[in-house]
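Next come the chains, spelled out residue by residue.
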Protein chains: 2
Amino acid sequence: MYKKILVAFDGSPYSQKALTAGIELARCCGSELHALTVVSLPEYAGTVGEVEEMVGKAQDFYRKKLEKASQQARAKGVELNVHLLFGHIGETIIRFAQEQECDLIIAGTRGWSPLQRLLMGSVSTYIVRHAPCAVLIEKGKEEDEND
Amino acid sequence: MYKKILVAFDGSPYSQKALTAGIELARCCGSELHALTVVSLPEYAGTVGEVEEMVGKAQDFYRKKLEKASQQARAKGVELNVHLLFGHIGETIIRFAQEQECDLIIAGTRGWSPLQRLLMGSVSTYIVRHAPCAVLIEKGKEEDEND
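Note that the structure is a prediction, hence the values are computed from the model and not measured. (Residues numbered from 1 in each chain as written. Chains lettered and ligands numbered in written order. Predicted model: local features only at pLDDT ≥ 70, side-chain atom pairs only at ≥ 80, totals over all residues. Heavy atoms only, no water.)

Participant: When you look at the side chain of A:Ser31 in this model, what are you seeing that I'm missing?
Facilitator: Looking at the element boundaries, A:Ser31 is found in the loop between helix H1 (13-29) and strand S2 (32-39). Under the relative-accessibility criterion, A:Ser31 is labelled buried at 10%. (Helix = DSSP H or I, 4+ residues; strand = E, 2+ residues; numbered from the N terminus. Buried < 20%, exposed > 50% of the residue type's maximum accessible area, 1.4 Å probe, protein only.)

What follows is the structure, encoded as structure tokens:
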């Protein structure tokens, strides 16, 4: 079964569902579990200082989310390896999965509106298209946002 | 974890990979496992006899594939429930998953060529877009066709 599972995690309820599935699968199958948060930086920023401030704030914010995720995994007896990277979200997830030789990527999605279906521009779609391995898409509903 | 898993199975090496994943997951997680083969019929056929002949041949061909799939599952200690339906492939898989209240659909894909990425017309893409539940996409490589 899957030896190394990567959860694409941004702290949203959709990615929370992906994390829960990852923890349960890792527990069932004895897999190594990783959670990766990717923060995209704006292409144009005013000053170096502005970017540094943005990076610092993102690090504080997401490290807390990742620490909470680790606790959730630990409570189920699973060790979660957490990672925080900056860059293009889809590309960074795919590159990480390649480099780490993950054999499953789990991502959440809220499902698609008719317009989204047309544009097909979401991160989960990017992952399904470009992943070097199996991809599990966990679906959320709008009301999950209030979880 | 997943209680009822549906594998979209057409006997191709890509769907064989999906079946293998389904069997292993069902074994790990104690899930109920189903395999569904959908045969699409041509929209225009010459005579009723022609359609009947086509249906008969498809039934013979796919029932053997499904029987082999059942044996593969049984060898791993998993009971596989097999189904053969006729209709639009994507729609029939989704409707089956809804009616049977499956919580995971597994499908195989060979990955996408640049043109396929543009068109995004494959069955696996249809399933990811329309599924009422989680979707696991198992990826094959071209050489798997010779498996």
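Participant: Is there a simple way to think about the relation of the copies chain A and chain B in this case?
Facilitator: The relation between the two copies of this chain is a rotation about an axis and a shift parallel to it. Overlay of chain A on chain B (RMSD 0.0 Å): rotation 180°, translation along the axis 0.0 Å. Seen this way, the second copy is the image of the first under a two-fold rotation axis. Closest to the rotation axis within chain A is the C-alpha of A:Leu136, separated from it by 2.1 Å. When the interface residues of chain A are mapped onto chain B, 100% of them again fall at the interface, so both copies present the same face. (Least-squares fit on C-alpha atoms with pLDDT ≥ 70 in both. Contact = heavy atoms within 4.5 Å.)

Participant: When you look at the pairing of strand S5 (residues 134-139) of chain A in this model, what are you seeing that I'm missing?
Facilitator: Within a regular strand, side chains alternate between the sheet's two faces. The element S5(A) is extensively covered by neighbouring structure, given that six of its six residues are classed as buried. The alternating pattern of S5(A) places A:Ala134, A:Leu136 and A:Glu138 on one face and A:Val135, A:Ile137 and A:Lys139 on the opposite face, and all of these are buried. Where strand S4 (residues 104-109) of chain A meets S5(A), six bridges bridge the pair, whose relative direction is parallel. Note on S5(A): the bridge partner recorded for A:Gly108 is A:Glu138. Where S5(A) lies against strand S5 (residues 134-139) of chain B, three bridges are found, and the strand directions are antiparallel. By the bridge assignment, A:Ile137 is partnered in S5(B) with B:Val135. (Pairing = 2+ DSSP bridges.)

Participant: Please explain the nonpolar core as it appears in this structure.
Facilitator: Considering soluble globular proteins, one finds that nonpolar side chains tend to be buried as a cluster. The biggest cluster of nonpolar side chains holds 52 residues, and the ones touching the most others in it are A:Leu25, A:Leu104, A:Leu136, B:Leu25, B:Leu104 and B:Leu136. The residues touching A:Leu104, leaving out its near neighbours within four places in the chain, are A:Tyr2, A:Lys4, A:Ile5, A:Leu6, A:Leu25, A:Cys133, A:Ala134, A:Val135, A:Leu136 and B:Leu136. Counting 34 residues, the second-largest nonpolar core is a separate cluster that includes B:Leu6, B:Leu36, B:Cys102 and B:Val128. (Core = buried A, V, L, I, M, F, W, Y, C linked by side-chain atoms within 4.5 Å.)

Participant: Can you walk me through the packing of aromatic side chains in this structure?
Facilitator: Describing an aromatic ring pair means giving the distance of the ring centres and the angle of the ring planes. The full count for this structure, using the stated rule, is two aromatic pairs over all chains. Pairing B:Phe61 with B:Tyr62 gives two aromatic rings, centres 4.9 Å apart and planes at 90°, and the pair type is edge-to-face. (Phe/Tyr/Trp six-rings, centres within 6.5 Å; stacked < 30°, edge-to-face > 60°.)

Participant: I would appreciate a short explanation of the environment of A:Ala69 in the present structure.
Facilitator: Residue and element names in this part refer to chain A. Structurally, Ala 69 is set in helix H2 (residues 48-75). Given the relative accessible area of 2%, Ala 69 is considered buried. Each C-alpha atom of the pair Ala 69 and Asn 81 lies 9.7 Å from the other, and the pair is twelve residues apart in sequence. Ignoring anything within four residues of it in the chain, the contact list for Ala 69 reads Phe 9, Leu 19 and Leu 80.

Participant: I keep staring at unusual backbone geometry and nothing clicks. Help me out?
Facilitator: Trans peptide bonds make up most of the peptide bonds, and negative phi angles are found at most residues other than glycine. At A:Glu101, a residue that is not glycine, the phi angle is positive and equals roughly 55°. Relative to the helices and strands, A:Glu101 resides in the loop between helix H3 (89-99) and S4.

Participant: Looking at this structure, how should I read the state of the cysteines?
Facilitator: Formally, a disulfide is one covalent bond, and it connects the sulfur atom of one cysteine to the sulfur atom of another. For the coordinates displayed, the defined rule picks out zero disulfides over all chains. Free of any disulfide, B:Cys28 has its nearest cysteine sulfur in A:Cys29, 3.4 Å distant. Of the residues examined, B:Cys28 reaches a relative accessible area of 31% and is grouped as partly exposed. (Disulfide = S-S within 2.5 Å.)

Participant: Is there a simple way to think about the pairing of strand S4 (residues 104-109) of chain B in this case?
Facilitator: All names here are of chain B. Among the six residues of S4, five are classified as buried, and the element is accordingly described as predominantly covered. Sheet topology places strand S1 (residues 4-8) next to S4; three bridges connect them, and they run parallel. Paired with Leu 6 across the bridge in S4 is Ile 105.

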